[in-house]
Each structure stands twice: as structure tokens, then as C-alpha cells.
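The chain contents come next:
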Amino acid sequence: MLPAPKLTGEMSLEEAIKKRRSRRSFRDVSLRMDQLSQILWAAQGITERFKRAAPSAGATYPLDLYIVAGKIEGLETGVYHYDPSDHSISLHAEGDLRTDLARACVAQGFIADAPVSMVITAEYERTMQRYEERGIRYVHIEAGHVGQNIYLQAEALGLGTVAIGAFYDDEVAKLLHLPEEHQPLYVMPVGYVMR
């Protein structure tokens, strides 16, 4: 179980939007579990019965979040899967895979420096069952909503992130031991930024 998310913060939404930038330089500082919890909740957390923090076409919720954890206080390194239903994570694969993930992301080395990376994956069939081919577009729109929520929550926590779309899909899927139906869409390293 993750710490309960906060429903109020110190930074206004307007200030987070104004300050939001893509950050690619991370300090060698661990994140706390409450920070990880808050980011996951902002991305896909339950906000009320059957509703999540990001909108989803027909409430089909095709996205899954995986966390490549390297430096989180009180959490072993590894790949974790986020379960919004009870706001928890479960170990999916062991080991510090940040350097390997950076290699799979076209050798973008700064990814290895971040204490954690969020990997947004899609199971297209969840949405396509209802919307057929149009569902593909809806899945991508939803991934954008989730990515922006991660950006804004990171900024509000005094952290930084960047949305990475340049990666070898098959390598990321193999490295993270993703189920075959979970296709990686975004990699978002998160951490304290160099100022």
C-alpha cells in the first residue's frame, strides 16, 4: 500500500502550469514514498467511485503504469506495477534497471540518473472493444492527459520530469517483462532537478 495522496498542495495549479518544463538533468537524491504515491495518484489514481485523475473515453481505462525504481526511500530497486483500485504497487521484476532503460531509450543517459521512471503502457483492446479503430486515437489522447498530470504533479512537488517517446518498443517491453498486450507509450523519468 502507498501513503494516502494529499488533496491539497502548496503550489496552485496556475503556478504549476507556468513553471512546467521538460527537465533532463537529475540530482543524485532519493525520492520519498509519499512523493511517488502522489505522482501515481495524479496519473491514474481514483478520485471518486469509478473515476480516475485522468479522463478516459467511455471509462475504458486502457493504460497501466509501471515504475522503474532505483532510489526511493524504503523501496527496493525493481519494476513495480501500479494498481489504482487500492492505490498500491506490486513488484513486477527485480533489480535496478535504470541504465538498461536509458539504453533502450536510444541511449538517453539522463534517464539512468533519475531515481524513478514512470512507464505508461496501453492495452488498446480495452478501448477498441467499444470504439473499434477510433479507440487507438482515444488511447493516445488519454496517455497525453496522464503525461500532463505527471508533469504538473512533479512540478508541484518541486521535482522535474520529461516525456520520452524515443525508445525501442520491443526492448522496453522485454526489459520490463511487460505482458504482451501492454504496449509502452511514454517513459517519464522523475527526480530532483539540477538548478
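Structure shown above.
Summarised in this report is the structure supplied together with it. Starting afresh in each chain, residues are numbered from 1 along the sequence in its written order. Only residues with pLDDT of 70 or above have their local features reported here, since the model is predicted, and side-chain atom pairs are shown and tallied only from 80 upward, although totals for entire chains, interfaces and linings are computed over all residues. The side-chain quantities take in all heavy atoms of the structure and omit both hydrogens and water.

### Focus on the layout of surface pockets
Next, step 1: Residues are called lining when one of their atoms sits within 4 Å of a cavity or pocket point, these points coming from a 1 Å grid over the protein atoms alone, where a cavity is a set in which a 1.4 Å probe fits but cannot get out and a pocket is an open set with protein on both sides within 12 Å along at least five of seven lines. Grid points are joined across faces, edges and corners, and a volume is the space filled by probe spheres set on the points. The space that makes up the largest pocket amounts to roughly 590 Å³.
Next, step 2: Residue lining of the largest pocket: 23 residues in total, with Thr8, Gly9, Gln38, Gln153 and Ala156 positioned closest to the centre.
Next, step 3: Mapped by element, the contributors of at least two residues to the lining of the largest pocket are helix H1 (13-19), helix H2 (33-44) and helix H6 (134-156).
Next, step 4: When residues of the lining of the largest pocket are assigned to their parent elements, the largest contribution, six residues, is made by H2.
Next, step 5: Classes in brief: Ala, Val, Leu, Ile, Met, Phe, Trp, Tyr, Cys and Pro nonpolar; Asp, Glu, Lys and Arg charged; the others, Gly included, polar. Its residues placed into classes, the lining of the largest pocket shows eleven nonpolar, eight polar and four charged. Secondary structure follows DSSP: runs of H or I at least 4 residues long count as helices, runs of E at least 2 residues long count as strands, and numbering of each begins at the N terminus.

### What about the packing of aromatic side chains?
Next, step 1: Within 6.5 Å between ring centres, the rings of Phe, Tyr and Trp (the latter by its six-membered ring) count as paired, and their orientation is classed by plane angle as stacked under 30 degrees, edge-to-face over 60, tilted in between. Throughout the structure, instances matching the rule amount to one aromatic pair.
Next, step 2: Both rings, one in tyrosine 131 and one in tyrosine 138, keep their centres 5.0 Å apart while their planes meet at 90°; by these two values the pair is edge-to-face.
Next, step 3: Residue tyrosine 138 is classed as partly exposed on the basis of its relative accessible area, which comes to 27%.
Next, step 4: In this scheme, the term charge over a ring applies when either NZ of a lysine or CZ of an arginine sits within 6 Å of the ring centre and within 35 degrees of the ring normal. Above the face of the tyrosine 151 ring, arginine 20 is positioned so that its terminal group lies 4.8 Å from the ring centre. Residue burial is assigned from relative accessible area. The probe radius is 1.4 Å, only protein chains are included, and a residue is buried under 20% of its type maximum, exposed over 50%, and partly exposed in between.

### Let's talk about the nonpolar core
Next, step 1: The criterion is simple. A nonpolar core is a set of buried Ala, Val, Leu, Ile, Met, Phe, Trp, Tyr and Cys residues joined through side-chain atoms within 4.5 Å. Ile67, Met118 and Leu176 are the most contacted members of the largest nonpolar core, which has 55 residues in total.
Next, step 2: Here a residue-residue contact requires only that any non-hydrogen atoms of the pair lie within 4.5 Å. Residue contacts for methionine 118: discarding those within four places in its chain leaves Leu36, Ile39, Leu40, Tyr66, Ile67, Ile150, Tyr186, Val187, Met188 and Val190.

### Digging into H6
Next, step 1: Expected span of a helix: the number of residues minus one, times 1.5 Å. For H6, which comprises 23 residues, the first-to-last C-alpha distance of 34 Å matches the rise-based estimate of 33 Å (1.5 Å per residue) to within 8%.
Next, step 2: All of the buried residues along H6 are Gly135, Val139, Glu142, Ala143, Val146, Gly147, Ile150, Tyr151, Leu152, Gln153, Ala154 and Glu155.
Next, step 3: Among the residues trailing H6, glycine 158 stands out with phi positive, at a value near 80°.

### Quick look at the pairing of strand S4 (residues 78-83)
Next, step 1: With five of six residues buried, S4 is to be regarded as a mostly interior element.
Next, step 2: Relative to S4, strand S3 (residues 63-69) runs antiparallel, the two being bridged by four bridges. Note on S4: the bridge partner recorded for alanine 69 is glycine 78.
Next, step 3: A loop of four residues connects S4 with strand S5 (residues 88-94), the two strands running antiparallel in sequence, and histidine 87 in this loop sits at a positive phi of about 50°. Here, any two strands with at least 2 DSSP bridges between them count as paired.

### A word on the environment of leucine 40
Next, step 1: Mapped onto the secondary structure, leucine 40 falls in helix H2.
Next, step 2: Classification of leucine 40 by relative accessible area gives buried; the value is 0%.
Next, step 3: Each C-alpha atom, one on leucine 40 and one on alanine 53, is 9.6 Å from the other, the two residues being 13 residues apart in sequence.

### Comments concerning unusual backbone geometry
Next, step 1: Despite not being glycine, tyrosine 61 has its phi angle at roughly 45°, a positive value.
Next, step 2: Its location among the elements puts tyrosine 61 in the loop between strand S2 (51-52) and S3.
Next, step 3: The residue valine 106 is not glycine, and still its phi comes out positive at about 55°.
Next, step 4: Structurally, the position occupied by valine 106 is in the loop between helix H3 (98-104) and helix H4 (110-113).
Next, step 5: For valine 106, a relative accessible area of 42% gives the class partly exposed.

### Points about the environment of serine 85
Next, step 1: Considering the arrangement of structural elements, one finds serine 85 in the loop between S4 and S5.
Next, step 2: Overall, serine 85 belongs to the exposed group, its relative accessible area being 61%.
Next, step 3: When the C-alpha positions of serine 85 and glycine 45 are compared, they lie 7.8 Å apart, and in sequence the two are 40 residues distant.
Next, step 4: Pairing of N or O atoms within 3.5 Å defines a polar contact, subject to two protein rules: one partner must be a possible hydrogen donor and the other a possible acceptor, and residues neighboring in sequence count only if both atoms are side-chain atoms. Of note is the side chain of serine 85, whose polar atom sits 2.6 Å from the side chain of aspartate 83.

Take it as geometry only, folks, not as evidence of what the structure does.
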